[in-house]
Protein chains: 2
Amino acid sequence: MTDTLALLPAGIDTYRQPVVYMHEDCHICRAEGFAAQTRVRIDLRDRWVIATLNVVGRAGWLTADSAALSVSAWSALLARPGDRARFSHPEPALSTSRIRAKAYGERLSEADFASIIGDTLEHRLTDLELAAFITACAGERLADAETVALTRAMQAAGETLDWGGRTVLDKHCVGGLPGNRTTPLVVAIVAAAGELIPKTSSRAITSPAGTADTMEVMAPVTLDERALRRVVEAEGGCVIWGGALNLSPADDHFIQIERPLNFDSTGQMVASVLSKKAAAGSTHVLIDIPVGATAKVRSAEAADALVARFLQVSAPIGLRLAVHLSDGSAPVGRGIGPALEASDVLAVLRREADAPNDLREKALDLAGKLLDLAPGSVPGTGHARAVEMLDSGSAEAKFLAICSAQGGFTEPARAPHRVEIPAQSDGTISSIDNRVIARIAKLAGAPRQKVAGVQLVAQVGDRVCKGQPLYEIHAASPGEAAWARSYAERHADVFLIAEGPR
Amino acid sequence: MTDTLALLPAGIDTYRQPVVYMHEDCHICRAEGFAAQTRVRIDLRDRWVIATLNVVGRAGWLTADSAALSVSAWSALLARPGDRARFSHPEPALSTSRIRAKAYGERLSEADFASIIGDTLEHRLTDLELAAFITACAGERLADAETVALTRAMQAAGETLDWGGRTVLDKHCVGGLPGNRTTPLVVAIVAAAGELIPKTSSRAITSPAGTADTMEVMAPVTLDERALRRVVEAEGGCVIWGGALNLSPADDHFIQIERPLNFDSTGQMVASVLSKKAAAGSTHVLIDIPVGATAKVRSAEAADALVARFLQVSAPIGLRLAVHLSDGSAPVGRGIGPALEASDVLAVLRREADAPNDLREKALDLAGKLLDLAPGSVPGTGHARAVEMLDSGSAEAKFLAICSAQGGFTEPARAPHRVEIPAQSDGTISSIDNRVIARIAKLAGAPRQKVAGVQLVAQVGDRVCKGQPLYEIHAASPGEAAWARSYAERHADVFLIAEGPR
């Protein structure tokens, strides 16, 4: 009787959740009393993982003397075929008592949060336990002091970049607005103006494109800390994917639970954003909050509560913060999807005649406010400096230099398959549903297919006639174009068209 | 381009959670934007299920033009190999907004709970969403009025048995005490006394035996409503498995989430118990609450809060309720595990000289209180009636008659493999850890192996010498006996032995 089994890769992607597949006649299953959904600890050499058990029946593809691992479990153990691993019951995670305490309404300390985060990063907590934690902190259930404690614990669990005491500018958008790709423009303008702005960005989770996805169309974004420093010391700025840097690593785990639950917890959101900013070594941060009926923040009251929370928490964390409330009633720019958004960014930088003016104006507003926030700046001069950097071509040159430093600039490609979606009636466009248009872009293949997405032809306020194109679906394959079109045709109200004269 | 795929059984047991396995090159995966962990709706003929997607890589056992289903998904669809099913994005569950409202601290109505329960029963809610619901109701977050509303909604979601206006007695133990198998005794005594007690019981979820598991050693317990009525009309009582009857069916779903989270929500527990009792048509219910450091209810304060909640909620539901607080400091009886507990029950019924007296006394207490609760009884006479029924042999005869009516009586078998665990020191036994001793019984194979479990030899208060047996591990296989022994040897403190004279 041994407590080891031979490992093989199941080749099954269960995403973040490690799963182990064992045969129903497996002696360890039977002797340990493991049944489907049991949590099982697997030890291999100096590594271990806690996986969820799925039991494979007699007719299956697995023998009783081996165990198969999901992609995530296999890679966590650095397993090789034929390795024998040890199986046991995991010790219960100590932090579950803190999650329970929070569910019962107690206040948690920084040590409590650190314990929960440590267990999260070691996969000791189940997704159910993480969902309980997220729910217990939902709404307004985190006090300001708890949000500060959570932010500090999240930051401390990962790396913190050290920029030697210099002023480090940063911006962040709370999201929810398709096409709103201001970051590459703000970085180019602010770095051209001589400020330090080492921007780490995320990939899309539920949106058609994250900043990192869009930037990747034009330059490599997966850089380690050494490469990041080289780019920033040379050019003053960068736009890279933060995922490789282990900044506030628990955040990704929490987001994987928050997104499907669709909980807007202001405390968690503030801790998520500020822990990443503090870990990136930022000192002065501008937060962009788009407000609109189909944006993430839907009312002025919700925006006010969020702003108050951001300001309350940023001071103890040591961050200087400014907030920009922006119009979230419709997408910004014309492209939605990595390559289409990259084209918008380049059109603005190149001052092309048909560059989307809303994107240009918003980028100038944000860059101006960020320049005003920097110590030593003359208040109120930021916007003019931003306009000067953009219109003089300095921002364009800076952006190309940053792309070169990151590994080389590439011009965005165009999708081979395009479908026009026409207006169903005459009238004036009164709104565009951010959520539905984002969904159409995703069905077309964004962000997986860089060229895929939606190109807006008409905008809010435009007068259109029946049959005139409202937007164009871009796709890499005819199948994806057809799927997106079919969904679009069933959701003609994504553009609300008011009848009568403008 | 079609939205159907051929189905095959994956032969993977993911327990309650339906899972679909699709190839990474599958055209539906790609076109619909399905990625690992996406929720996918699968329609087959007039049935449908919402499953979680796991993606199988190119080297896997699945082709790109088919989809494999977990055991639960396969059986929910009544699929046959070669069936082609349709795949789509599920509509979002409407009740998620109610769960979110509760997480944010709003009060829910009966209609809100009914909506959550309906979506739960249709598998429209993810386990994460259920965990959020459980957490949002945790601690004292359900008001009494909400608990009443939840109880009513849970009952209304399933069947309700109708006993034609007669008095129907029932008992329930909130659990946590190994070996505490009073139910068959109480039913035999109360039915012998001429009262109606149609008892529906549950199987073990995390314990070494549920009442249904123990009863099944002696008689069939899986009866439909017609068979149940036949037994009860003939004998006045029964002890059957409630799982086949669709009484408060959402409860099982909630328990699957509550147990791993280990949340003691009094509101949820009360709604769970009372909705089942109301659905069973009970009119007068006795609740047994064992209180002890290693029981489910750990303090007198916790017990008082639970009792208050039970009493507040039972009246509006139309149940007459009595509560019995009992000693939860150690197991009751000597056997832990289905067959061993059945032997204890039979020893008491047969008035054997070595029958466990604590089990006998507790059963008489409960039966007496239940008889006192019945309308028309003379208060305070219940205990004497119970003693008379037991000592006269009426209860034994009634029990055998009930077993016959349920399908025939069987004598419990004995385990082929037994291991004695000796005391490590001299002294007096001061306590037995309910949780650890239950764990040892489960490692020995209970409840899966009916004969497996633990037989206590010594009890709290006994004086023992080093080397004297404390308990015996019973197992169906040498491997299971060895596993349980190894764990037992690492947890010698399951029996606390105080030094010195008694």
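An unreviewed UniProt entry annotates chain A as Putative thymidine phosphorylase of Ciceribacter thiooxidans. For the record of chain A, the UniProt heading Sequence similarities (unreviewed entry) holds the text "Belongs to the thymidine/pyrimidine-nucleoside phosphorylase family. Type 2 subfamily." According to UniProt, the comment filed for chain A under the heading Catalytic activity (unreviewed entry) is "thymidine + phosphate = 2-deoxy-alpha-D-ribose 1-phosphate + thymine".

Can you break down the packing of aromatic side chains residue by residue, with the values?
Residues and elements named next belong to chain B. All told, the structure shown has 9 aromatic pairs over all chains when counted by the stated rule. Centre to centre, the rings of Tyr 471 and Phe 495 are 5.5 Å apart; their planes meet at 5°, and the pair counts as stacked. You can see Tyr 471 sitting in strand S18 (residues 469-475) and its partner Phe 495 sitting in strand S19 (residues 495-498), a full 24 residues away along the chain. A relative accessible area of 1% places Tyr 471 in the buried class.

Can you tell me about the sheet that holds strand S12 (residues 320-327) of chain A, naming the residues and giving the values?
All names here are of chain A. Here 3 strands make up an open sheet; going across it, the order is S8-S11-S12 and the pairing parallel. Each end of this open sheet is capped by a strand with a single partner; those strands are strand S8 (169-173) and S12. Between one strand and the next, the sheet's axes are offset by a mean angle of 20°, whatever the strand orientation. Pairing of S8 with strand S11 (residues 284-291) involves 5 bridges; the strand directions are parallel. For Cys 173, the partnering residue across the bridge sits in S11 and is Asp 288. The strands touched by helix H11 (residues 266-279) are S8, S11 and S12; relative to S8, the strand with the most contacts, the crossing angle is about 155°.

Help me get a handle on the environment of Glu 129 of chain A, residues and values and all.
Mapped onto the secondary structure, Glu 129 of chain A falls in helix H5 (residues 127-136). Looking at Glu 129 of chain A, the relative accessible area reads 12%, which means it is buried. Glu 129 of chain A has contacts with Thr 96, Ile 99 and Arg 124 of chain A together with Pro 260 and Leu 261 of chain B, leaving out every residue within four places of it along the chain. A polar side-chain atom of Glu 129 of chain A sits 2.9 Å from the main-chain amide nitrogen of Thr 126 of chain A.

Now, about the relation of the copies chain B and chain A: what can you tell me, with residues and values included?
Of the transformation superimposing chain B on chain A, the axial component is 0.0 Å and the angular component is 180°, with the fit at an RMSD of 0.1 Å. Taken together, the rotation and translation relating the two chain copies correspond to the operation of a two-fold axis. Mapped onto chain A, 100% of the interface residues of chain B again fall at the interface, so both copies present the same surface.

I'd like to hear about the interface of chain B and chain A, residue by residue, with values.
Each side of the interface is counted separately: chain B has 47 residues, and chain A has 48 residues. The largest contributions to the chain B side of the interface with chain A come from Leu 128, Arg 141 and Trp 483 of chain B, which together make up 17% of the buried area. Between chain B and chain A we count 0 salt bridges in total. Put simply, the parts of the chain that give the side of chain B that touches chain A at least two residues each are strand S2 (12-13), helix H1 (27-32), strand S5 (47-56), helix H3 (96-103), helix H5 (127-136), helix H10 (250-261), helix H17 (434-443) and helix H18 (478-490) of chain B. The element contributing the most residues to the side of chain B that touches chain A is H5 of chain B, with 7 residues. Here the side of chain B that touches chain A is built from residues that sort into 23 nonpolar, 11 polar and 13 charged.

For unusual backbone geometry, give the residues involved together with the corresponding values.
All names here are of chain A. The omega angle of the peptide bond from Ala 446 to Pro 447 is 0°, so this bond is cis rather than trans. Counting through the fold element by element, Pro 447 comes out in the loop between helix H17 (434-443) and strand S16 (453-456). The residue Arg 45 is not glycine, and still its phi comes out positive at about 45°. Along the chain, the position of Arg 45 falls in the loop between strand S4 (39-44) and strand S5 (47-56). Judged by relative accessible area, which is 48%, Arg 45 ranks as partly exposed.

Outline the domain arrangement of chain A, listing residues and values.
Considered domain by domain, chain A is made up of domain 1 (4-88), domain 2 (169-242 + 280-406) and domain 3 (417-498). Taking the mean C-alpha position of each, domain 1 of chain A and domain 2 of chain A sit 44 Å from one another.

Break down the packing of helix H7 (residues 183-192) of chain A against helix H16 (residues 394-406) of chain A for me, with residues and values.
All names here are of chain A. One way to put it is that H7 packs onto H16 with a least axis distance of 8 Å and a crossing angle of 105°. As the angle between them shows, H7 and H16 are arranged roughly perpendicular. Listed contacts from H16 to Pro 184, Val 187, Ala 188, Ile 189, Ala 191 and Ala 192 of H7 are Ser 394, Ala 395, Lys 398, Phe 399 and Ile 402. Here the residues of the contact of H7 with H16 are counted per class, giving 9 nonpolar, 1 polar and 1 charged.

Which residues make up the side chain of Arg 100 of chain A, and what values do they have?
Mapped onto the secondary structure, Arg 100 of chain A falls in helix H3 (residues 96-103). Beyond its immediate stretch of four places on either side in the chain, Arg 100 of chain A contacts Leu 261, Asn 262 and Phe 263 of chain B.

Can you break down the pattern of salt bridges residue by residue, with the values?
Between side chains of opposite charge, a pair can form when the charged atoms approach closely. Going through the model one piece at a time under the given rule, you end up with 52 salt bridges over all chains. Linking Glu 216 of chain B and Arg 203 of chain B is a salt bridge whose minimum nitrogen-to-oxygen distance equals 2.8 Å. With Glu 216 of chain B in helix H8 (residues 211-218) and Arg 203 of chain B in the loop between strand S9 (197-201) and H8, this pair connects stretches of sequence that are 13 residues apart. On the accessibility criterion, Arg 203 of chain B (26% relative accessible area) is partly exposed. Across the salt bridge formed by Lys 362 of chain B and Asp 288 of chain B, the nearest N and O atoms sit 3.0 Å from each other. On the criterion of sequence distance, the pair formed by Lys 362 of chain B in helix H14 (residues 357-373) and Asp 288 of chain B in strand S11 (residues 284-291) is long-range, its members being 74 residues apart. The pair Lys 362 of chain B / Asp 288 of chain B is uniform in exposure class, with both members buried. In the salt-bridge network here, residues are joined through shared partners; they are Arg 203, Asp 213, Glu 216 and Lys 450 of chain A.

Help me get a handle on the UniProt feature "domain: Pyrimidine nucleoside phosphorylase C-terminal" (unreviewed entry) in chain A, residues and values and all.
Residues annotated in UniProt with the feature "domain: Pyrimidine nucleoside phosphorylase C-terminal" (unreviewed entry) correspond here to residues 428-495 of chain A. Annotation note: span residues 428-495 of chain A, helix share 34%, strand share 28%, distance between end C-alpha atoms 10 Å.

Requested: an account of the nonpolar core, with residues and values cited.
The biggest cluster of nonpolar side chains holds 58 residues, and the ones touching the most others in it are Phe 133 of chain A together with Phe 133 of chain B. When residues no more than four places from it in sequence are discounted, the contact partners of Phe 133 of chain B are Ile 99, Phe 113, Ile 116, Leu 150, Phe 254 and Gln 268 of chain B. Val 217, Val 348, Leu 359 and Leu 370 of chain B belong to the second-largest nonpolar core, a separate cluster that totals 46 residues.

Describe the layout of surface pockets, with residues and values.
Residue and element names in this part refer to chain A. Size it by volume and the second largest pocket reaches roughly 350 Å³. In terms of lining, the second largest pocket is formed by 20 residues, of which the most central are Leu 340, Ser 343, Asp 344, Arg 414 and Gln 455. Looking at the lining of the second largest pocket, the elements that each hand over two or more residues are helix H13 (338-349) and strand S18 (469-475). Sorting elements by how many residues they give to the lining of the second largest pocket places H13 first, with 6 residues. Of the residues in the lining of the second largest pocket, the class split is 9 nonpolar, 3 polar and 8 charged. Split by domain, the residues of the lining of the second largest pocket number at least three in each of domain 2 (169-242 + 280-406) and domain 3 (417-498).

An account of helix H9 (residues 225-235) of chain A is requested, with residue identities and associated values reported.
All names here are of chain A. Here H9 has its buried residues at Ala 227, Leu 228, Val 231, Val 232 and Glu 235. The arc that holds every buried residue of H9, seen down its axis, measures 130°, which confines them to one face. Seen from the buried face of H9, the exposed residues on the opposite side, beyond 90 degrees, are Arg 226 and Ala 234. At its buried positions, H9 is contacted by H7, strand S9 (197-201), strand S10 (237-241) and H16. Positive backbone phi, at 85°, marks Gly 236, one or two positions downstream of H9.

Account for the sheet that holds S16 of chain A, with residues named and values stated.
Residues and elements named next belong to chain A. Across the sheet, which stays open at both edges, the 4 strands sit in the order S13-S16-S18-S14 with antiparallel pairing between neighbours. Taken across any chain shown, the strands that pair with only one partner, and hence form the sheet edges, are strand S13 (335-336) and strand S14 (417-422). One ladder, built from 4 bridges, connects S16 with S18; its direction is antiparallel. Bridge pairing links Leu 456 to Tyr 471 in S18. Strands in contact with H17 are S13, S16 and S18; relative to S16, the strand with the most contacts, it is inclined by about 130°. Here helix H18 (residues 478-490) sits on the sheet in contact with S14 and S18, set at roughly 145° to S18.

The rules we used
Residues numbered from 1 in each chain as written. Chains lettered and ligands numbered in written order. Predicted model: local features only at pLDDT ≥ 70, side-chain atom pairs only at ≥ 80, totals over all residues. Heavy atoms only, no water. UniProt positions renumbered as here; feature names shortened; annotations may be inferred. Phe/Tyr/Trp six-rings, centres within 6.5 Å; stacked < 30°, edge-to-face > 60°. Helix = DSSP H or I, 4+ residues; strand = E, 2+ residues; numbered from the N terminus. Buried < 20%, exposed > 50% of the residue type's maximum accessible area, 1.4 Å probe, protein only. Pairing = 2+ DSSP bridges. Axes fitted to C-alpha atoms, helices over the stretch in contact; angles between N-to-C directions. Contact = heavy atoms within 4.5 Å. Polar contact = N/O pair within 3.5 Å; in protein donor to acceptor, adjacent residues only side chain to side chain. Least-squares fit on C-alpha atoms with pLDDT ≥ 70 in both. Buried area = accessible area lost by both parts, 1.4 Å probe. Salt bridge = Lys/Arg side-chain N within 4 Å of Asp/Glu carboxyl O. Nonpolar A, V, L, I, M, F, W, Y, C, P; charged D, E, K, R; others polar. Domains from an automatic or database assignment. Parallel < 35°, antiparallel > 145°, perpendicular 65-115°, else oblique. Core = buried A, V, L, I, M, F, W, Y, C linked by side-chain atoms within 4.5 Å. 1 Å grid on protein atoms, 1.4 Å probe; cavity = no way out; pocket = protein on both sides within 12 Å on 5 of 7 lines; lining within 4 Å. Points joined across faces, edges and corners; volume = space filled by probe spheres on them. Arc of directions from axis to C-beta.

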